[in-house]
Amino acid sequence: MATAMIGGLLQQGFAAGDLRAVDVSEEARLRLQQRFGVAVAADAGTAVTEDVVLLAVKPQQMQALAKRLRALLRGQLVISIAAGIRTTDLSRWLGGHARIVRAMPNTPALVRAGVTGLFAPAGVGSADRDAARAILGAVGTVVWVDDEAGIDAVTAVSGSGPAYVFYFIEALERAAAGLGLDAARARELAVQTFVGAAKLAGAGDEAPSVLRERVTSKGGTTEAALKAMEAGEVGQRIARAVQAAAARSHELGDEFGRDQAAT
């Protein structure tokens with residue numbers, strides 16, 4: 001995800017000289033330097049001089065990283081894309097640091113088509129919000145939520161959402177193969193149907209239900225398929241799946257928020 005954002009920022013006009021990537025992996029550092037021309041380091045060093053610090057590590061690594069980083073910060077804006085890490089916990093680990101924005105991007109950011117949910121505590125000013133919007137907006141669209149609990153919903157809908165789409169594409173491919181299409185045609189039909197339908201849904205203000213009704217002729221093939229889905233409670237099952245993801249996101253916040261020394 002960090003690689004996607006570096007590429008997106010450079011495409012949006014940021015200078016390579018304005019970016020520095022810190023990674024413990026020598027292979028990753030070399031790859032970033034060769035691909036993007038950005039400065040790289042194995043450690044943040046004795047101070048962090050950049051205006052914005054983006055934390056893109058696994059949630060399990062965040063507490064240890066934050067406790068090392070707190071002595072290096074000089075009041076910069078900190079953006080975290082680590083799933084489940086709440087701003088109050090990150091602030092505590094950073095020694096009371098207040099300029100924090102929490103972000104939940106998704107994997108289509110890798111092709112500059114992501115959507116990111118953003119949350120900032122009340123004390124974070126408009127300039128910091130604008131900076132976060134510009135950085136995450138480099139890899140797609142951004143949506144602000146009013147309270148941090150909304151990030152659990154974002155995680156369940158768009159953070160995990162690509163997996164739901166891939167799951168449906170897989171099912172559609174299998175169905176196409178079952179009807180006699182070869183694997184290559186089945187894949188192309190399934191993927192391009194999703195691409196086209198998503199573009200159509202995003203092209204105007206009409207609700208998906210309206211677009212669906214236009215495709216559905218009474219007594220036709222689409223109606224037969226939708227009736228089978230309704231009989232199988234597909235819509236309700238999707239809703240329950242998203243609710244399960246949101247609940248798990250909340251649980252992870254509780255788990256990751258505990259001080260590791262106390263567990």
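Residues numbered from 1 in each chain as written. Predicted model: local features only at pLDDT ≥ 70, side-chain atom pairs only at ≥ 80, totals over all residues. Heavy atoms only, no water.

(A) Geometry of the overall build of the protein chain. Helix and strand counts for the protein chain come out as 11 helices and 7 strands. Counting only C-alpha atoms and orienting by the principal axes, one finds that the protein chain spans roughly 70 × 40 × 35 Å. Looking at the protein chain as a whole, 33% of its 263 residues qualify as buried. The contacts of the protein chain with a sequence gap of at least 6 include a subset with a gap of at least 24, amounting to 57%. By element, 57% of the accessible surface of the protein chain is carried by carbon and sulfur atoms, the whole surface being about 15200 Å². Distance from the positive charge centre (28 side chains) to the negative charge centre (28 side chains) of the protein chain: 2 Å. (Helix = DSSP H or I, 4+ residues; strand = E, 2+ residues; numbered from the N terminus. Buried < 20%, exposed > 50% of the residue type's maximum accessible area, 1.4 Å probe, protein only. Contact = heavy atoms within 4.5 Å. Areas by Shrake-Rupley, 256 points an atom, 1.4 Å probe, with all protein chains shown as cover. Lys, Arg positive; Asp, Glu negative; His and termini not counted. Charge placed at Lys NZ, Arg CZ, Asp CG, Glu CD.)

(B) Inspection of the nonpolar core at higher detail. I6, I79, V101, A103 and L136 are the most contacted members of the largest nonpolar core, which has 23 residues in total. At the level of secondary structure, the elements contributing two or more residues to this core comprise α1 (2-11), α2 (26-36), β4 (77-80), β5 (100-104) and α5 (126-137). Considering each element in turn, this core owes the most residues, 4 residues, to α1. In this structure, I6 is in contact with L19, A21, L32, F36 and V38, ignoring residues within four places of it in sequence. Within the second largest apolar cluster, 18 residues are counted, among which are A44, V48, L65 and L72. (Core = buried A, V, L, I, M, F, W, Y, C linked by side-chain atoms within 4.5 Å.)

(C) Representation of the environment of L200 within the structure. Tracing the backbone shows L200 in helix α8 (residues 183-202). Counting along the chain gives 11 residues from L200 to L211, while the straight-line C-alpha distance between them is 8.5 Å.

(D) Spotlight on the layout of surface pockets. Computed from the structure, the largest pocket encloses a volume of approximately 2200 Å³. V165, F168, F194, A197 and A198 are, among the 44 residues lining the largest pocket, the residues nearest its centre. For the lining of the largest pocket, the secondary-structure elements that each account for two or more residues are β6 (114-119), α6 (149-159), α7 (161-178), α8, α9 (208-215), α10 (221-231) and α11 (234-257). Here the lining of the largest pocket is built from residues that sort into 31 nonpolar, 9 polar and 4 charged. By volume, the second largest pocket amounts to about 1300 Å³. If you go around the second largest pocket, you meet 38 residues; those closest to its centre are R20, A21, V22, L54 and A56. For the lining of the second largest pocket, the elements supplying multiple residues, two or more each, are α1, β1 (20-22), α2, β3 (52-55), α3 (59-69) and α5. Along the lines of polarity and charge, the residues of the lining of the second largest pocket split into 27 nonpolar, 2 polar and 9 charged. (1 Å grid on protein atoms, 1.4 Å probe; cavity = no way out; pocket = protein on both sides within 12 Å on 5 of 7 lines; lining within 4 Å. Points joined across faces, edges and corners; volume = space filled by probe spheres on them. Nonpolar A, V, L, I, M, F, W, Y, C, P; charged D, E, K, R; others polar.)

(E) Region of the structure containing the sheet that holds β3. Pairing is mixed in the open sheet, where 5 strands are placed in the order β3-β4-β5-β6-β7. In the strand order of this sheet, the two ends are held by β3 and β7 (140-144), each with one partner. Direction aside, neighbouring strands of the sheet carry axes that sit 25° apart on average. Summarising the sheet, β3 and β4 pair through 4 bridges and their orientation is parallel. Paired with V52 across the bridge in β4 is L77. Running over the sheet, α5 touches β3, β4, β5, β6 and β7 and is turned about 145° from β7. (Pairing = 2+ DSSP bridges. Axes fitted to C-alpha atoms, helices over the stretch in contact; angles between N-to-C directions.)

(F) Local environment of the packing of aromatic side chains. Per the counting criterion, the structure on display carries 1 aromatic pair. Its end group placed over the ring of W144, R129 keeps NZ or CZ at 5.3 Å from the ring centre. (Phe/Tyr/Trp six-rings, centres within 6.5 Å; stacked < 30°, edge-to-face > 60°. Lys NZ or Arg CZ within 6 Å of the ring centre and 35° of its normal.)

(G) Molecular detail of the pairing of β5. Across the 5 residues that make up β5, a large majority, 5, are buried. Residues I100, R102 and M104 line one face of β5 and the alternating positions V101 and A103 line the opposite face, and both faces are buried. Looking at chain direction, β4 and β5 are connected through 3 bridges and run parallel. Counted as the bridge partner of S80 is R102 from β5. As for the winding sense of the linkage, the β-α-β connection from β4 through helix α4 (residues 87-93) to β5 is right-handed. Relative to β6, β5 runs antiparallel, the two being bridged by 3 bridges. Bridging from a neighbouring strand, M104 pairs with G117 of β6. (Right-handed = clockwise from strand over helix to strand, strands pointing away.)

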